[in-house]
Amino acid sequence: MKAVLGPTNTGKTYLAIDRMMGHSTGMIGFPLRLLARENYDRVVRLRGAGSAALITGEERIIPDNPRYYLCTVEAMPQDRQVAFLAIDEIQLCADAERGHVFTERLLSARGTEETMFLGAETMAPILRKLVPEAEFLRRERLSRLSYVGPKKLTRLPPRSAVIAFSAANVYALAELLRRQRGGAAVVLGALSPRTRNAQVGLYEAGEVDYLVATDAIGMGLNMGIDHVAFSSLRKFDGNHFRHLMPAEIAQVAGRAGRYMADGTFGPTTDLEPFDPDLVAALEDHKFDSIRALFWRATNLDFDSPANLKRSLEAPPPVRELRRARAADDYGALVSAIASPGVVDMAAHPEAVRLLWDVCRIPDFLGDLSGSHPRLVTRIYKFLMSSEARIPSEWISRAVDRLDRTDGDIDTLLGRIAGVRTWTYVSHRSDWLEDAVGWQQRTCDLENKLSDALHDRLTQRFVDRKTAVLVRRLRERKTLLAGVGNDGRVTVEGHDVGWLEGFRFVPLDSEVAASTHLMAAANRVLREAIAGRVAEIGAAGDDAFSIDLENGKIRWRDAPLARLAAGAAVVRPHIEVFASDLIDGPAREQVRQRLTRWLDDYLRAQIGPLLDLRQATSAGAVRGLAYRLAEGLGCSFGDPAVDRKSNFSEDERKLLARSGVRIGVETTYMPAMLKGRLVPLKSLLWSVHAGRPAPTAIPDGGATSLTCHDDVPAGWYLALGFCPAGPLAVRADLLERLLADVRRSSREGAFEVSATMMNAIGANPDDFAQVLRRFGYAVTSTDETLRVARRRPGKRAATKPRGQRAASIVDPDSPFAKLAQLNTGSRS
């Protein structure tokens, strides 16, 4: 038994094929159907079609007496003894989704003469523990792998592969390469071997110089790639998004440089440069060892469905093994057990074994709607019926629904996944009549759909349309146009502009002047607008935002509307931007959705003020609430009205619940004075007044503003500041200051401290004018201010010359601490 370990491009697979053909019989398990097919074709070329068998979940080519079996790991026939047996990419034992299958083969699959495990060196320590009899052989990489730093996507060298981790990102990158570099081949894990080979053929033949792929290329697919560029280092692993481990990055980066040709790797400019430690690990092939493998019980109890489920949940026998998470077959079993009648049908071990076999039909589509478990249960019930077969007419209807070549790329991928399910079923000859006929039909249909998918990929990502565009324009034929998810508008594959909200913005003056291009764009834009209106209507509140500088409301960063003056400052209207592409009913639908969002947004921001406005209907409190609403939570006090004695007990309770503070000079709501609300209140005032903000918007920590004669008092009040001579002072600080002055002036004139002036950010002259504004007598010298309350017929009390006046502010009081923090804070 041998463990042949090393980085990519070390010839491990070639060694295994060579060793297998040196034995009378052999079997190799590969991680991908594509790899199994690739190596099957190689063995057929070397030894002839009759010598080799191909066994995967959806494809079986088994001649009468094959000597060699090329399989996916899951499909390896466990009842067949062979002289040589190998498992490729053995490090996938640590894969959360499929690892338990690889681990089971690692622990139990053996050749009678030679067994070989191929994979990364990270497996060495744990293999020594679990398979101590193994002999270890290290393979060195045949070429050098070097880091070259970030590269802009449009400046990548020819023969580059760009890696993404979702189909959507693969498509976006391939689109950009098509526009900038003439095209790209696409490789996804979901592609059939026929489509994948056709796409790789484009690349290998030089029709395109770039390949955009998922990490599926990391599993031994051999192509002439000189550079691997990563557009991301995060992927979704079936449960959540996570960063790739260094060993996983190396598996993909190692595709660069095949045989003796050196290769390079690095990020695109969308990523930060790689960490030096990561670069060193990738170039030197040094990674942390794998510490645990995923495992699932194989000694299953088929006495009943419940016993089967319980046996699958058995704990691992040793600490180096971790119980695998619930796989698709386990989920299908749980769903089947819950289905009425299934448990009664599975009343004996043979029926339970059949149930488990049916549950192991792979979920190629990965549909989260529950359709796969329902399909599994339906098939089991057919097999447990008196006919003990799946009805041919039922399969025929299902396959007929898939026999269409229209639709986009994702639609064709979905149909191919559906065909793969029936191909898998067709290889169970005891499940249906004419199994060979169904195998042929599903194979032909997969080929048909694969060819259509290749055509779609080529049409979308390979630029062969320039000549067609010129010819169609000359012949005045209808141009093909489309709108991308990002709003980009194309005609015959060429960018002509973008959709900004509901307005089309031509790319340049030539596009705007072309009647044919504009007509094609407008035709598809009207269709896109209808879909966009529907999306807006169904969108959650988090899809919308407002620009507090200009009042524009955006959906996914696209401007749709702006605020307009309404009946009240706190109730602005929504004005959807004008566009020839959207009609009146659709515009009103958008306006109503944005109005609902705006109502929710304003309630979240200024809810106390809105609640007070709605809760008052009559009496003096209604007038007070009106003034507060118009002042956005701040108003000059009205001595005739703003007196607690003017309000009933219920009204006083309402004001208290609403957080209203009635001071001597002002009435305000502390909740509306928060600094974070200043930009919103500025916007609401400006919209209602129909004019831009007359001054700069203060920051949230400002305690006073400089008053300007040409600025309305309502502007300062809306921001929470009360005009008082040369300054507008924040309402709560003004009331606190005046209360302190009143207390201190009861015993006569007093000397103003620097702490008091700093509390509102005032210099002595401005401070004196503020107090005079409220009826205080203020005298000043070069160094001090003295304040006395004006009393008719009396002079303000003064202290003897030279006597120091006591400060009116306790240095430990909150007011004094606020003064220290706000020194110099006046805007």
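This report concerns the structure included in the present document. (Residues numbered from 1 in each chain as written. Predicted model: local features only at pLDDT ≥ 70, side-chain atom pairs only at ≥ 80, totals over all residues. Heavy atoms only, no water.)

Some remarks on the overall build of the protein chain
Counting its regular elements, the protein chain contains 28 helices and 35 strands. The C-alpha atoms of the protein chain give 38 Å as radius of gyration, which overshoots the globular expectation for 827 residues (28 Å, by more than 25%). Dimensions of the protein chain, computed from C-alpha atoms along their principal axes, come out at roughly 125 × 70 × 60 Å. Partitioning the intrachain contacts of the protein chain with sequence separation of at least 6 by distance along the chain shows that 66% fall at a separation of at least 24. Accessible surface, the protein chain: about 39000 Å² in total, of which carbon and sulfur atoms supply 48%. Each charge sign in the protein chain was given a centre, from 112 positive and 103 negative side chains, and these centres are 5 Å apart. (Helix = DSSP H or I, 4+ residues; strand = E, 2+ residues; numbered from the N terminus. Rg over C-alpha atoms; globule rule 2.2 N^0.38 Å. Contact = heavy atoms within 4.5 Å. Areas by Shrake-Rupley, 256 points an atom, 1.4 Å probe, with all protein chains shown as cover. Lys, Arg positive; Asp, Glu negative; His and termini not counted. Charge placed at Lys NZ, Arg CZ, Asp CG, Glu CD.)

Regarding helix α2 (residues 33–47)
Counting along an α-helix, one turn takes 3.6 residues, and residues three or four places apart therefore face a common direction. The terminal C-alpha atoms of α2 lie 21 Å apart, and with 15 residues this matches the ideal 21 Å at 1.5 Å per residue to within 8%. Listed as buried for α2 are R33, L34, L35, A36, N39, Y40, R42 and V43. A positive phi of about 100° marks G48, the residue just after α2. (Expected span 1.5 Å × (residues − 1). Buried < 20%, exposed > 50% of the residue type's maximum accessible area, 1.4 Å probe, protein only.)

Brief notes about the pattern of salt bridges
Scanning the entire structure with this criterion turns up 38 salt bridges. Two residues, R319 and E320, come together in a salt bridge whose shortest N-O distance is 3.9 Å. Across the pair R428 and D430 runs a salt bridge, and its minimum N-O distance is 3.8 Å. Take R428: its relative accessible area is 24%, and that puts it in the partly exposed class. The structure contains a network of salt bridges with shared partners spanning R33, R37, D41, E59 and E446. (Salt bridge = Lys/Arg side-chain N within 4 Å of Asp/Glu carboxyl O.)

Some words on the packing of helix α15 (residues 409–426) against helix α16 (residues 435–461)
Two elements in contact, α15 and α16, have axes separated by 9 Å at closest approach and are oriented at 160°. On the basis of their axis angle, the class for α15 and α16 is roughly antiparallel. Considering the relative orientation of α15 and α16, their crossing is left-handed. Looking at side-chain class alone, the contact of α15 with α16 contains 14 nonpolar, 5 polar and 5 charged residues. (Axes fitted to C-alpha atoms, helices over the stretch in contact; angles between N-to-C directions. Parallel < 35°, antiparallel > 145°, perpendicular 65-115°, else oblique. Left-handed = near helix turned anticlockwise from the far one by under 90°. Nonpolar A, V, L, I, M, F, W, Y, C, P; charged D, E, K, R; others polar.)

A look at empty space enclosed by the protein
A full pass over the atoms with the stated rule returns 2 cavities of 30 Å³ or more. Taken as a whole, the largest cavity encloses approximately 60 Å³ of empty space. Lining the largest cavity, in full, are L673, K674, G675, V678, D699, G700, A702, L719, F721 and R730. For the lining of the largest cavity, the per-class residue count stands at 5 nonpolar, 2 polar and 3 charged. A564, A565, G566, A568, V569, P572, L684, V687 and H688 are the residues that line the second largest cavity. Taken together, the elements giving at least two residues each to the lining of the second largest cavity come down to β25 (558–568) and α23 (678–689). Among the elements that line the lining of the second largest cavity, the one with the most residues is β25, at 4 residues. (1 Å grid on protein atoms, 1.4 Å probe; cavity = no way out; pocket = protein on both sides within 12 Å on 5 of 7 lines; lining within 4 Å. Points joined across faces, edges and corners; volume = space filled by probe spheres on them.)

Some remarks on the packing of helix α6 (residues 193–204) against α16
How two helices sit against one another is set out by the angle between their axes and by the gap between those axes. The interhelical angle for the contact between α6 and α16, taken along N-to-C directions, is 35°, at an axis separation of 8 Å. Considering only the axes of α6 and α16, their crossing is right-handed. Here P193, R194, T195, A198, Q199 and L202 of α6 lie close against α16, whose contacting residues are E446, N447, S450, D451, L453, H454, L457 and T458. In the contact of α6 with α16, the residues fall into 5 nonpolar, 6 polar and 3 charged.

Concerning the sheet that holds strand β34 (residues 776–780)
Reading across the sheet, the 3 strands line up as β33-β35-β34 and stay open at both edges, with antiparallel pairing between neighbours. The strands lining the two open edges of the sheet, one partner per strand, are β33 (750–751) and β34. Strand direction decides the pairing type here: β34 and strand β35 (residues 785–789), joined by 5 bridges, are antiparallel. Within the sheet, the bridge partner assigned to T779 lies in β35 and is R786. Strands β33, β34 and β35 of the sheet are contacted by helix α25 (residues 731–745), whose axis makes an angle of about 80° with β34. Strands β34 and β35 of the sheet are contacted by helix α27 (residues 764–773), whose axis makes an angle of about 160° with β34. (Pairing = 2+ DSSP bridges.)

With respect to the packing of aromatic side chains
Counted by the stated rule, this structure contains 11 aromatic pairs. Just above the ring of F774 sits the side chain of R773; from NZ or CZ to the centre is 5.0 Å. (Phe/Tyr/Trp six-rings, centres within 6.5 Å; stacked < 30°, edge-to-face > 60°. Lys NZ or Arg CZ within 6 Å of the ring centre and 35° of its normal.)

Remarks on the pairing of strand β21 (residues 494–500)
Both strand β20 (residues 488–491) and β21 contribute to a ladder of 4 bridges, which runs antiparallel. By the bridge assignment, R488 is partnered in β21 with W498. Sheet topology places β21 next to strand β22 (residues 503–506); 4 bridges connect them, and they run antiparallel. Pairing of W498 across the sheet is with V505, part of β22.

Observations regarding the environment of L655
Counting through the fold element by element, L655 comes out in helix α22 (residues 649–658). Classification of L655 as buried rests on a relative accessible area of 5%. Spatially, the C-alpha atom of L655 lies 9.1 Å from that of A625, the residues being 30 residues apart in sequence.

Describing the sheet that holds strand β19 (residues 481–483)
Taken together, 4 strands build an open sheet; the order of strands is β19-β20-β21-β22 and the sheet is antiparallel. What marks the edges here is a single partner per strand, and that holds for β19 and β22. Neighbour to neighbour, the strand axes of the sheet diverge by 25° on average, direction disregarded.

Quick word on the side chain of R296
Locating R296 in the fold gives a position in the loop between β17 (293–295) and α9 (305–312). Polar side-chain contacts of R296 include one of 2.9 Å to the side chain of D329. (Polar contact = N/O pair within 3.5 Å; in protein donor to acceptor, adjacent residues only side chain to side chain.)

Let's talk about the nonpolar core
Counting residues in each nonpolar core, the largest one holds 119 residues, and the members touching the most others are I379 and W422. When residues in this core are grouped by element, the largest group, 9 residues, is from α15. The next biggest cluster of nonpolar side chains, apart from the first, holds 68 residues, and it includes A521, I536, Y601 and L683. (Core = buried A, V, L, I, M, F, W, Y, C linked by side-chain atoms within 4.5 Å.)

Comments concerning the pairing of β25
The buried fraction of β25 is high, at 8 of 11 residues. Relative to β25, strand β24 (residues 552–555) runs antiparallel, the two sharing 4 bridges. Counterpart to R554 in the pairing with β25 is P559. Bridge count between β25 and strand β26 (residues 571–576): 5 bridges; the pairing is antiparallel. Following the sheet pairing, A564 is matched in β26 by H573. Counting the residues in the hairpin turn of β25 and β26 gives 2 residues.

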